[in-house]
Structures are given as C-alpha cells and as structure tokens.
Amino acid sequence: MAMTGTTIFSHIIPVIFGIFGVLLTISGVMDEDKSKLILGIFLFAFACISPFIFLRLFL
C-alpha cells in the first residue's frame, strides 16, 4: 500500500517545478539573462528526476 502523500511528490510538485522551469528558461532566453536560463534548465531537469528520487525514498 502506498503511503499518504506520494501523489503530491509524484504528480503535483514536479508539475509546478516544470512550469516554473519553462517560464524561467523562456524569460532567460528573452532577456538574455544567463542566471535565469541556467536556473530554469536546472529546475526543469529536477522536475523530471524528482519523482524517481522521492518515490524511491518513500516506498
């Protein structure tokens, strides 16, 4: 049986991180701001990997 809260870490938080990552990436490209671009790419990559990390710890 899955623990309570796994839906938050597998479906909700990665989507939020992914949206902010895409927004920061677009903003960094448009403003030519390298720090926003790098933060956006890192945040999007973390959103892709985070369900595997969190669910491995919880289950």
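Thresholds applied
Residues numbered from 1 in each chain as written. Predicted model: local features only at pLDDT ≥ 70, side-chain atom pairs only at ≥ 80, totals over all residues. Heavy atoms only, no water. Helix = DSSP H or I, 4+ residues; strand = E, 2+ residues; numbered from the N terminus. Buried < 20%, exposed > 50% of the residue type's maximum accessible area, 1.4 Å probe, protein only. Contact = heavy atoms within 4.5 Å. Areas by Shrake-Rupley, 256 points an atom, 1.4 Å probe, with all protein chains shown as cover. Phe/Tyr/Trp six-rings, centres within 6.5 Å; stacked < 30°, edge-to-face > 60°. Salt bridge = Lys/Arg side-chain N within 4 Å of Asp/Glu carboxyl O.

K.L.:
Just checking my understanding: could you explain the overall build of the chain for this structure?
P.N.:
A count of helical and extended segments in the chain gives 2 helices and 0 strands. Projected onto the principal axes, the alpha-carbon positions of the chain cover approximately 45 × 15 × 10 Å. Looking at the 59 residues of the chain, the share that counts as buried comes to 19%. For the chain, the share of sequence-separated contacts (at least 6 apart) that also reach a separation of at least 24 residues comes to 47%. Counting every atom, the chain has about 4,500 Å² of accessible surface; 78% of that belongs to carbon and sulfur.

K.L.:
Which parts of the structure should I look at to understand the packing of aromatic side chains?
P.N.:
Describing an aromatic ring pair means giving the distance of the ring centres and the angle of the ring planes. Counted under the stated rule, the structure contains 4 aromatic pairs. On the basis of an interplanar angle of 45 degrees and a centroid distance of 5.1 Å, the ring pair of Phe 9 and Phe 54 is categorised as tilted. Within this pair, whereas Phe 9 is found in helix H1 (residues 6-31), its partner Phe 54 is found in helix H2 (residues 34-58), the two being separated by 45 residues in sequence. A relative accessible area of 25% places Phe 9 in the partly exposed class. Seen in terms of ring centroids, Phe 42 and Phe 46 are 6.4 Å apart; in terms of plane orientation they differ by 20 degrees. Their pairing is stacked. You can see Phe 42 and its partner Phe 46 sitting in helix H2, 4 residues apart, about one turn around the helix. Note on Phe 46: relative accessible area 27%, which makes it partly exposed.

K.L.:
Help me understand the pattern of salt bridges in this model?
P.N.:
Oppositely charged side chains can form a pair if their charged atoms are brought close together. Under the counting rule described, the total for this entry stands at 1 salt bridge. Of the charged contacts in the structure, one is a salt bridge between Lys 36 and Asp 31, with a shortest N-O distance of 3.5 Å. Here Lys 36 falls in the partly exposed class, since its relative accessible area comes to 29%.

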